[in-house]
Amino acid sequence: MIDGEAKLVLDALKKLTQVDGVYKVIEAEEIIELLPVPLTKLQLSSAIRDLRDREYIKVKYFTPDEYCLSTTRIIEDVVDHEEEVTTVATAMPVAPQQAQKPVSAKTAFALAFLGAFLGGGLVMAIAIILLKFVF
């Protein structure tokens, strides 16, 4: 997930680019005007680099005053899906875990011995059947 500033910048870039996969030259001032919180150009540049590194946007070039970039539709679908899953996950009640009783050492030994005995008996039965019909 992306942090608050980067999410706000991504939303503003979606409004400005409008068409996915098409590069558009956008002024830094245009982006800053659409943001609900004031950002400096340095903070904006940092947020755009973060979005680029996480592949939320594709950037051809950028200067402190303008950016040539495009948003990707696939990433937007993933972000929307993550938000939906988070909302559903927080709304669903969690069932309490059932407590399991610990098994005593004697019971564990008896069950292991019984399993080995049954496994050995099964192998022995198969061996006897093979010896009887093959030889």
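Criteria and cut-off values
- Residues numbered from 1 in each chain as written.
- Predicted model: local features only at pLDDT ≥ 70, side-chain atom pairs only at ≥ 80, totals over all residues.
- Heavy atoms only, no water.
- Helix = DSSP H or I, 4+ residues; strand = E, 2+ residues; numbered from the N terminus.
- Buried < 20%, exposed > 50% of the residue type's maximum accessible area, 1.4 Å probe, protein only.
- Contact = heavy atoms within 4.5 Å.
- Areas by Shrake-Rupley, 256 points an atom, 1.4 Å probe, with all protein chains shown as cover.
- pLDDT = per-residue confidence, 0-100.
- Pairing = 2+ DSSP bridges.
- Axes fitted to C-alpha atoms, helices over the stretch in contact; angles between N-to-C directions.
- Salt bridge = Lys/Arg side-chain N within 4 Å of Asp/Glu carboxyl O.

### A word on the overall build of the chain
Consideration 1: In terms of regular secondary structure, the chain is built from five helices and three strands.
Consideration 2: Secondary structure elements of the chain occur, N-terminal to C-terminal, as α-β-α-α-β-β-α-α.
Consideration 3: Looking at the 135 residues of the chain, the share that counts as buried comes to 23%.
Consideration 4: Relative to all contacts within the chain whose residues are 6 or more apart in sequence, the contacts with residues 24 or more apart total 55%.
Consideration 5: On the chain, roughly 10100 Å² of surface is accessible, and the fraction owed to carbon and sulfur atoms is 65%.

### Here we look at the confidence of the model for the chain
Consideration 1: Averaged over every residue, the pLDDT of the chain is 82; the share at 70 or more is 79%.
Consideration 2: Of all helices and strands in the chain, the one with the weakest mean pLDDT is helix H4 (residues 73-91) (58), whereas helix H5 (residues 105-134) scores best (93).

### Some words on the sheet that holds strand S2 (residues 57-62)
Consideration 1: Read across the open sheet, the three strands follow the order S1-S3-S2; overall the sheet is antiparallel. A strand with exactly one partner marks an edge of an open sheet, and here the two such strands are strand S1 (24-27) and S2. Sheet twist, expressed as the mean angle between neighbouring strand axes with direction ignored, is 35 degrees.
Consideration 2: Of the pairings in the sheet, the one linking S1 to strand S3 (residues 66-71) comprises four bridges and is antiparallel in character. Looking at the pairing, Lys24 lines up with Leu69 of S3.
Consideration 3: Against the sheet, helix H3 (residues 41-53) makes contact with S2 and S3, and its axis sits at roughly 130 degrees relative to S2, the strand it touches most.

### Observations regarding the pattern of salt bridges
Consideration 1: By the definition in use, this model includes six salt bridges.
Consideration 2: With its nearest N and O atoms 3.5 Å apart, the salt bridge here joins Asp11 to Lys7. With Asp11 and Lys7 both in helix H1 (residues 4-17), this residue pair falls four residues apart, about one helical turn.
Consideration 3: A salt bridge links Arg54 to Asp50; its shortest N-O distance comes to 3.0 Å.
Consideration 4: Taking the relative accessible area as the measure of exposure, Asp50 reaches 22% and is therefore partly exposed.
Consideration 5: Linked through salt bridges whose partners overlap, the residues forming this network are Lys7, Asp11 and Lys14.

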